[in-house]
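Listed below, chain by chain, are the residues.
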There are 2 protein chains.
Amino acid sequence: MKYCFGIDIGGTTVKLGLFQEDGKIRDKWEIKTRIEEKGRNILPDIAKSLMNRLEKEGISKEEVTGIGIGVPAPITEEGFVKSTANLGWEEKNVKAEMEELTGIRTATGNDANVAALGEMWLGGGRGCKNMIMVTLGTGVGGGILIGGRILTGAHGAGGEIGHLCVNYGETEKCGCGNYGCLEQYASATGITRLAKKRLESTEQDSTLRKGPVNAKTVFDAVKAGDRLADEIAVEFGRYLGYALANLAAAIDPSVIVIGGGVSKAGKVLIPYVETPYKERAFFANQDVTFALAELGNDAGICGAAKMVLD
Amino acid sequence: MKYCFGIDIGGTTVKLGLFQEDGKIRDKWEIKTRIEEKGRNILPDIAKSLMNRLEKEGISKEEVTGIGIGVPAPITEEGFVKSTANLGWEEKNVKAEMEELTGIRTATGNDANVAALGEMWLGGGRGCKNMIMVTLGTGVGGGILIGGRILTGAHGAGGEIGHLCVNYGETEKCGCGNYGCLEQYASATGITRLAKKRLESTEQDSTLRKGPVNAKTVFDAVKAGDRLADEIAVEFGRYLGYALANLAAAIDPSVIVIGGGVSKAGKVLIPYVETPYKERAFFANQDVTFALAELGNDAGICGAAKMVLD
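Residues numbered from 1 in each chain as written. Chains lettered and ligands numbered in written order. Predicted model: local features only at pLDDT ≥ 70, side-chain atom pairs only at ≥ 80, totals over all residues. Heavy atoms only, no water.

Trainee: What's the story with empty space enclosed by the protein in this structure? I'm lost.
Mentor: Unoccupied space between atoms shows up once a probe the size of one water molecule is rolled over them. Per the stated rule, a full pass over the model turns up two cavities of 30 Å³ or more. Taken together, Leu164, Asn246, Leu247 and Ala250 of chain A together with Leu164, Ala243, Asn246, Leu247 and Ala250 of chain B make up the full set of residues lining the largest cavity. When residues of the lining of the largest cavity are traced back to their parent elements, those giving at least two are α7 (227–251) of chain A together with α7 (227–251) of chain B. When residues of the lining of the largest cavity are assigned to their parent elements, the largest contribution, four residues, is made by α7 of chain B. A per-class count over the lining of the largest cavity returns seven nonpolar, two polar and no charged. Its boundaries defined by the atoms lining it, the second largest cavity holds a volume of some 30 Å³. By residue number, the principal contributor to the lining of the second largest cavity is α7 of chain B, which donates four residues. (1 Å grid on protein atoms, 1.4 Å probe; cavity = no way out; pocket = protein on both sides within 12 Å on 5 of 7 lines; lining within 4 Å. Points joined across faces, edges and corners; volume = space filled by probe spheres on them. Helix = DSSP H or I, 4+ residues; strand = E, 2+ residues; numbered from the N terminus. Nonpolar A, V, L, I, M, F, W, Y, C, P; charged D, E, K, R; others polar.)

The structure is reproduced here in structure tokens:
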């Protein structure tokens, strides 16, 4: 039996997992992300933690296929990051540095892309090799898998689908400086925005008028049969479905996985996205499967481990 | 010195090239595409032509790295086509059949994607590994390269960028059944349509009122300083530039290559596309290089050869 490590570096904690090659998680744990001093301790802390774990488990370095690391920043195929606001890093080759620290082969990727790979391996995209994952959280992130491999891109910024323009008539600015980005309609914040606008523009009765308005309360109201909430979900789904139809023409996926906080609404979400998708998708892309992400916070460590198994 | 073959199957002729591994074309020729009898002779005709050529050149099979074939249809990574209107083929595994016929390793791809690979290897995208190619002909086709490899997709339909929606308000139907596809504005036919609409909507003087209106005459008029033609080019470029900006957010290319008949207008085309692109592109994708395709009709055989060298 061979092993590998999957690491997911976040701004507060680093998640670490020891995997068997068949995908079974043997152990997972967390350490603090020490971002002080330009994050100089982050990689050494990880290396030390991994080495301790090997010793504890009685596993030799030779039994470890590699270390996969997801970082919250654009990162090139060669492991190079330019700057990462969250970690304090300036220019750095993460792959080279970790290999130097551990003597173990290391693969790196952007965290959103790596999480998508995790979902393809063990989660909502199981069995597929061509996949789009869209993560609906505070913002909209994403990851694209082509032939089972991460679409990294020239600057390590592949899969940034939150900033596809879906409304050329939008007058409110997105955080990125553009107008009409998908993120303005399909993130948790975007859904709240759509909901508030709709509540203001009509007198229609809705349970949403009685409490806080956010992505969760909107989809709770949808489940309870609230008509106004349904209209908000239709609007959200149209923007997301149309954007995914456009993407699919270029990417030709077999599955589209929806993850992030908003996806906790569950299966009720799917038809709101799938119906407008089908309305707009090119004929070759009509038979895409829509699925929900399944791995939650483990997607990152799973995808990271998978990178070194490929 | 090793050799390989690059084959580009079209509905009328098959283009064939004998390449040295360094990219030099040693010889190229054409044979007729016999589409009768459900195209059953096409692959045997090619195999025979290749074998004859090897004999004539005194090259042994062992000196041939492989055969690359571009076909005018969606084709999976495994070489499987479902149906090809142009060639009469029904279900067929092109790769397996050619390997059976020749005993030489074969790689296959969609012709537009293969042409893009050719441009990356020897043409407008030389030196790049992440590239979007858009082909502006009667329709709008495309090919996407990720890390130097063709984005094939789940159904072999990757890179179909002509059917990205760029105008959700469009009321005229595209050939694909949707409304507002890129093809309706950026193909040769699309440019003619934009030009005619603009000529009808204004009394403004233009040399375009004196002769035939098509993509060529529009860009000829642009070069001659015609103001109305400039406005048409601005409209064309805005649709194309915005679509490419959207694509770039997902693909993260280092170069965008513009090919097809419309690109014969030359460098005058570039700023019309690049300016709106930059206006809309995500910050990580601002520094993309725009280039014109360079290989013309040879792009297909070049890309096909490259497939077997990778």
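The discussion continues.
Trainee: Would you mind showing me how to read the nonpolar core here?
Mentor: Burial of nonpolar side chains together is a common tendency in soluble globular proteins. Counting 104 residues, the largest nonpolar core has Phe236, Leu244 and Ile251 of chain A together with Phe236, Leu244 and Ile251 of chain B as its most contacted members. Discounting chain neighbours no more than four positions away, the residues touching Phe236 of chain B are Leu136, Tyr185, Ala186, Ile191, Leu194, Phe219, Leu269 and Val273 of chain B. (Core = buried A, V, L, I, M, F, W, Y, C linked by side-chain atoms within 4.5 Å. Buried < 20%, exposed > 50% of the residue type's maximum accessible area, 1.4 Å probe, protein only. Contact = heavy atoms within 4.5 Å.)

Trainee: Got a minute to help me understand the pairing of strand β7 (residues 106–110) of chain A in this structure?
Mentor: Successive side chains on a regular strand alternate, one facing one side of the sheet and the next facing the other. Residues and elements named next belong to chain A. Most of β7 sits out of view: five of its five residues are buried. Residues Thr106, Thr108 and Asn110 point to one face of β7 and Ala107 and Gly109 to the other, with burial holding for every one of them. For strand β4 (residues 64–71) and β7, the ladder comprises five bridges, and the chain directions are parallel. Counterpart to Ile69 in the pairing with β7 is Thr108. (Pairing = 2+ DSSP bridges.)

Trainee: Would you take a moment to explain the pattern of salt bridges for this structure?
Mentor: Where charged atoms from two side chains of opposite charge come close, those side chains can pair. The final tally for this structure, using the stated rule, is 36 salt bridges over all chains. Close ionic contact of Glu99 of chain B with Lys95 of chain B constitutes a salt bridge, the shortest N to O distance being 3.3 Å. With Glu99 of chain B and Lys95 of chain B both in helix α2 (residues 94–102) and four residues apart, this pair spans about one turn of that helix. With a relative accessible area of 27%, Glu99 of chain B lands in the partly exposed category. Taking the relative accessible area as the measure of exposure, Lys95 of chain B reaches 26% and is therefore partly exposed. Note that Arg193 of chain B is salt-bridged to Glu172 of chain B, the shortest N-O span being 3.0 Å. Here the residue Arg193 of chain B occupies a position in helix α5 (residues 188–201), and Glu172 of chain B occupies one in the loop between β10 (149–150) and α4 (183–186), the gap between them amounting to 21 residues. For Arg193 of chain B, a relative accessible area of 17% gives the class buried. Salt bridges sharing common partners tie together Glu170, Glu172, Arg193 and Lys197 of chain A. (Salt bridge = Lys/Arg side-chain N within 4 Å of Asp/Glu carboxyl O.)

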